[in-house]
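Descriptive analysis of the structure
Okay, here's what each chain looks like letter by letter:
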Amino acid sequence: MMKKALNIVSMIAVVLEDLLAVLVAIAAVAAIICMIPDYLHIMQNGMTESGLSEILENVLAIAVALEFLKMLLKPNTRTVIEVLIFLIARHMIILETTPQQDLLSVISIVILLSTRYGIENLIKKHGLGNVDTQNDPQDSKED
């Protein structure tokens, strides 16, 4: 009885996760469409520093949303770490940060990449195939 209940809860969680992925995809497409008039306005009136900042903020927010979508669809080490890297990069680019904060962000990215590299090498070393990366074609490329 308990196993059946756990299976039902697990199925509900998968359906809700898929629904969330669809909503994130719709929001990303809507955000891209809403950005088009802003880009046209900037192209006609010339690029300003505030205009460039706004564009970067919007593009990076969409990039984070798309990486999050990938993480929902293919939850593995690579996608989780990519989401975290995009979040850190967005923070560094959009916000005015101190050199110390920038250094911590760079160190964080190095730690994340090292962790991913270490996990992938452990998987290969122990002959587990692509258990963690789920045969992602992008995983066969070297970064």
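Values in this document were obtained by computation on a predicted structure and should not be read as measured data. (Residues numbered from 1 in each chain as written. Predicted model: local features only at pLDDT ≥ 70, side-chain atom pairs only at ≥ 80, totals over all residues. Heavy atoms only, no water.)

1. Overview of the overall build of the protein chain
The secondary structure content of the protein chain amounts to four helices and zero strands. Element order for the protein chain, N to C, with α for helix and β for strand: α-α-α-α. Here the protein chain holds 143 residues, and 23% of them are scored as buried. Excluding contacts between residues fewer than 6 apart, the proportion of contacts in the protein chain whose partners are at least 24 apart in sequence is 60%. (Helix = DSSP H or I, 4+ residues; strand = E, 2+ residues; numbered from the N terminus. Buried < 20%, exposed > 50% of the residue type's maximum accessible area, 1.4 Å probe, protein only. Contact = heavy atoms within 4.5 Å.)

2. Topic: a nonpolar patch on the surface
Residues Ile8, Ile12, Leu16, Leu19, Val22, Leu23 and Ile26 make up a contiguous nonpolar surface patch of about 650 Å² in total accessible area. Looking at the secondary structure, you find Leu19 in helix α1 (residues 2-45). (Patch = residues over 30% accessible without salt bridge, like charges linked within 9 Å, V, L, I, M, F, W, Y side chains within 5 Å. Areas by Shrake-Rupley, 256 points an atom, 1.4 Å probe, with all protein chains shown as cover. Salt bridge = Lys/Arg side-chain N within 4 Å of Asp/Glu carboxyl O.)

3. Focus on helix α3 (residues 77-94)
Its 18 residues give α3 an end-to-end C-alpha distance of 26 Å, which sits within 8% of 26 Å, the value for a rise of 1.5 Å per residue. Along α3, the positions that sit buried rather than exposed are Thr77, Arg78, Thr79, Ile81, Glu82, Val83, Ile85 and Ile88. Where the residues of α3 are buried, they touch α2 (49-73) and α4 (99-125). Measuring from the backbone nitrogen of Arg78 back to the side-chain oxygen at the start of α3 gives 3.1 Å, which picks out Asn76 as the cap. (Expected span 1.5 Å × (residues − 1). Polar contact = N/O pair within 3.5 Å; in protein donor to acceptor, adjacent residues only side chain to side chain.)

4. So, the confidence of the model for the protein chain
Summary statistics for the protein chain give a mean pLDDT of 84 and a share of 90% for residues scoring 70 or more. Within the protein chain, α2 has the poorest average pLDDT of any element, 86, and α4 the best, 91. Confidence over residues 132-143 falls short of pLDDT 50; this stretch has 20 contacts with residues more than four positions distant or in other chains. (pLDDT = per-residue confidence, 0-100.)

5. Here we look at the pattern of salt bridges
Pairing is possible between side chains of opposite charge, provided their charged atoms come close. Here the structure, examined in full by the defined rule, presents five salt bridges. A salt bridge links Glu82 to Arg78, with the nearest nitrogen and oxygen atoms 3.7 Å apart. Highlighted residues: Glu82 and Arg78, both in helix α3, separated by four residues, approximately one helical turn. Accessibility assignment for this pair places Glu82 and Arg78 in one class, buried. Residues Arg116 and Glu120 are paired through a salt bridge, measuring 4.0 Å at the closest nitrogen-oxygen approach. On the criterion of helical spacing, the pair formed by Arg116 and Glu120 is a turn pair, its members being four residues apart in helix α4. Glu120 carries the same exposure label as Arg116, and that label is buried. In the salt-bridge network here, residues are joined through shared partners; they are Glu67, Lys70, Arg78, Glu82, Arg116 and Glu120.

6. Details of α2
Compared with the 36 Å implied by 1.5 Å per residue over 25 residues, the 36 Å span of α2 between its first and last C-alpha is a close match. Inspection of α2 places Gly51, Ile55, Leu60, Ile62, Ala63, Val64, Glu67, Leu69, Met71 and Leu72 among the buried residues, and these make up the whole buried set. Residues of α2 that are buried in the fold lie against α1 and α3.

7. Overview of the side chain of Ser105
The residue Ser105 is located in helix α4 in this model. Residues in contact with Ser105, not counting those within four places in the same chain, are Ile88, His91 and Met92.

8. A closer look at the packing of α2 against α3
Put simply, α2 and α3 touch, their axes get as near as 9 Å, and they point 170° apart. Comparing their axes, α3 and α2 come out roughly antiparallel. Handedness of the α2/α3 crossing: left-handed. Contacts between α2 and α3 pair Ser53, Leu56, Glu57, Leu60, Ala61, Ala63, Val64, Glu67, Phe68, Lys70 and Met71 from the former with Thr79, Val80, Glu82, Val83, Phe86, Leu87, Arg90, Ile93 and Ile94 from the latter. Split into classes, the residues belonging to the contact of α2 with α3 amount to 13 nonpolar, two polar and five charged. (Axes fitted to C-alpha atoms, helices over the stretch in contact; angles between N-to-C directions. Parallel < 35°, antiparallel > 145°, perpendicular 65-115°, else oblique. Left-handed = near helix turned anticlockwise from the far one by under 90°. Nonpolar A, V, L, I, M, F, W, Y, C, P; charged D, E, K, R; others polar.)

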